[in-house]
Number of protein chains: 2
Amino acid sequence: MEALINTIKSFIRLSPEEEQLIPPLFSEIKLGTGEYLLEEGGICRVIAFVSEGLLRFYTNNDGEEKTGFFSSEHEFLSYYPSFLTQTVSDKYIQALEPTKLLVITYDQLQDFYARVQEGERFGRLAIEQVYLSAIKQLDSFYTDPPEKRYQQFLDSYPKLVQRIPQYYIASYVGIKPQSLSRIRNRLAKKH
Amino acid sequence: MEALINTIKSFIRLSPEEEQLIPPLFSEIKLGTGEYLLEEGGICRVIAFVSEGLLRFYTNNDGEEKTGFFSSEHEFLSYYPSFLTQTVSDKYIQALEPTKLLVITYDQLQDFYARVQEGERFGRLAIEQVYLSAIKQLDSFYTDPPEKRYQQFLDSYPKLVQRIPQYYIASYVGIKPQSLSRIRNRLAKKH
């Protein structure tokens, strides 16, 4: 809970009274490796703060998985299009390691916005950050060759490269695992 | 200016005093057909409200233009990754018709957030909307065949199909103009 409050305080000021409001708004969820926070056909009911662990967000296109992003310690994640409208989604959010989350529901978040002085400001700044990182990745996907997209992966997730299985990295870069091996070999020779 | 204030009021409450604050924060810009609000190498200095006209947002990839979105009357537009960080961009925002904009700079927007009671709430709700429409389009781009992407264009811009030249629609759908003609012919026969 301390990490969550410190993360919120990196965006906005919280009075001591407001800090007391926050713990009751969040619940703890534990996921084992391979378990899901969100599956196709479900509604993304929460925004989650990662206390511990690693998750990936992906789409299944007729059997081919496309990985959109990874989330690890002290980051927020959700699938906003489903969360914000509380409608059914075809996406997956899956734990890649034993994971502990602090989650807040849509109604509890509205409560946070109403009761915390700078709550709306937090919401604005947090979604700006989510939006910027989504656009950056998608720009890269549209315009960069695979080697540059892999470099963008390394820049975005410098601490996670050892923790994420190679085939998920390949799925994020949008190439086959064999092509990723070739790129990694080329990069290793350069350095 | 009335349309701008009414649009803001569709998101949040504004007191009569707050309504008075808004006009001095915005400046009017006029663009002729083909003129640019943003060009490669520039910084997106403003968020613009379209009073009148039509614009398109695009990227130039080695001579091949990829159209990201269109904006018309009573919509906000910007290139947020450049605007929010005030850094150089490689994108273009171009008027497709004689266009009138009301624009607000980054500093003036911070002023709006500080002086309007529900200003931060407006910022959060507006960027949530921008984010949702970007994700919807990109999802479609990743997973849908061209005919479905064209349908998504029609759903997103039902009133603009007569105003946007065919080659820009093709560039948005991600296909050649000839392929778009074939899709339109097939759809016409269905109806």
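Residues numbered from 1 in each chain as written. Chains lettered and ligands numbered in written order. Predicted model: local features only at pLDDT ≥ 70, side-chain atom pairs only at ≥ 80, totals over all residues. Heavy atoms only, no water.

All names here are of chain B. Per the stated rule, a full pass over the model turns up one cavity of 30 Å³ or more. Within this model, the largest cavity holds a volume of roughly 40 Å³. Around the largest cavity, the lining residues are Gln137, Ser140, Phe141, Arg149, Gln152, Tyr172 and Val173. Of all elements in the fold, only helix 5 (119-143), helix 6 (146-156) and helix 7 (166-173) reach the threshold of two or more residues within the lining of the largest cavity. Looking at the lining of the largest cavity, the element that brings in the most residues is helix 5, giving three residues. Across the lining of the largest cavity, the residue classes break down as three nonpolar, three polar and one charged. (1 Å grid on protein atoms, 1.4 Å probe; cavity = no way out; pocket = protein on both sides within 12 Å on 5 of 7 lines; lining within 4 Å. Points joined across faces, edges and corners; volume = space filled by probe spheres on them. Helix = DSSP H or I, 4+ residues; strand = E, 2+ residues; numbered from the N terminus. Nonpolar A, V, L, I, M, F, W, Y, C, P; charged D, E, K, R; others polar.)

On to the interface of chain B and chain A. Taken together, the contacts link 27 residues of chain B with 27 residues of chain A. On the surface where chain B and chain A come into contact, there are four salt bridges. Here chain B is connected to chain A by four residue pairs in polar contact (both at pLDDT 80 or more). Elements with a contribution of two residues or more to the side of chain B that touches chain A: strand 4 (54-61), helix 3 (80-85), helix 4 (106-115) and helix 5 of chain B. Among the elements that take part in the side of chain B that touches chain A, helix 5 of chain B stands out by supplying 16 residues, more than any other. For the side of chain B that touches chain A, the residue count by class is 14 nonpolar, six polar and seven charged. (Contact = heavy atoms within 4.5 Å. Salt bridge = Lys/Arg side-chain N within 4 Å of Asp/Glu carboxyl O. Polar contact = N/O pair within 3.5 Å; in protein donor to acceptor, adjacent residues only side chain to side chain.)

Below, the discussion takes up the relation of the copies chain B and chain A. Between chain B and chain A, the superposition needs a rotation of 180 degrees and an axial shift of 0.0 Å, giving an RMSD of 0.0 Å. The two molecules are tied by a two-fold rotation axis, judged by turn and shift. Nearest to the rotation axis, the C-alpha of Arg124(B) is located 2.0 Å from it, this being the minimum over chain B. Of the interface residues in chain B, 100% have counterparts in chain A that sit at the interface too, so the contact is made through matching surfaces. (Least-squares fit on C-alpha atoms with pLDDT ≥ 70 in both.)

Residue and element names in this part refer to chain A. Considered for burial, the residues of helix 1 (residues 2-9) that qualify are Leu4, Ile5, Thr7 and Ile8. All buried residues of helix 1 project into a common sector of 160 degrees when viewed along the axis, lining one side. On its buried face, helix 1 is in contact with helix 2 (16-25), strand 3 (46-52), strand 6 (76-77), strand 8 (99-105), helix 4 (106-115) and helix 5 (119-143). (Buried < 20%, exposed > 50% of the residue type's maximum accessible area, 1.4 Å probe, protein only. Arc of directions from axis to C-beta.)

Before going further, it helps to spend a moment on the sheet that holds strand 5 (residues 64-72) of chain A. Backbone hydrogen bonds are what pair the strands of a sheet, in a parallel or an antiparallel way. Residue and element names in this part refer to chain A. The four strands lie next to each other as 2-7-4-5, forming an open sheet whose pairing is antiparallel. Looking at the sheet topology across the chains shown, the edges are occupied by strand 2 (36-38) and strand 5. Averaged over all neighbouring strand pairs, the angle between strand axes comes to 25 degrees, with direction disregarded. In the sheet, strand 4 (residues 54-61) pairs with strand 5 via eight bridges, with the strands oriented antiparallel. Looking at strand 5, one finds that Asn61 is bridged to Glu64. (Pairing = 2+ DSSP bridges. Axes fitted to C-alpha atoms, helices over the stretch in contact; angles between N-to-C directions.)

On to the packing of helix 2 of chain A against helix 4 of chain A. If you want to describe how two helices pack, look at the angle between their axes and the distance between the axes. Residue and element names in this part refer to chain A. With their axes 10 Å apart at the nearest point, helix 2 and helix 4 run at an angle of 175 degrees to one another. In terms of orientation, helix 2 lies roughly antiparallel with respect to helix 4. Touching Glu18, Leu21, Ile22, Pro24 and Leu25 of helix 2 are Gln108, Asp111, Phe112 and Arg115, all from helix 4. (Parallel < 35°, antiparallel > 145°, perpendicular 65-115°, else oblique.)

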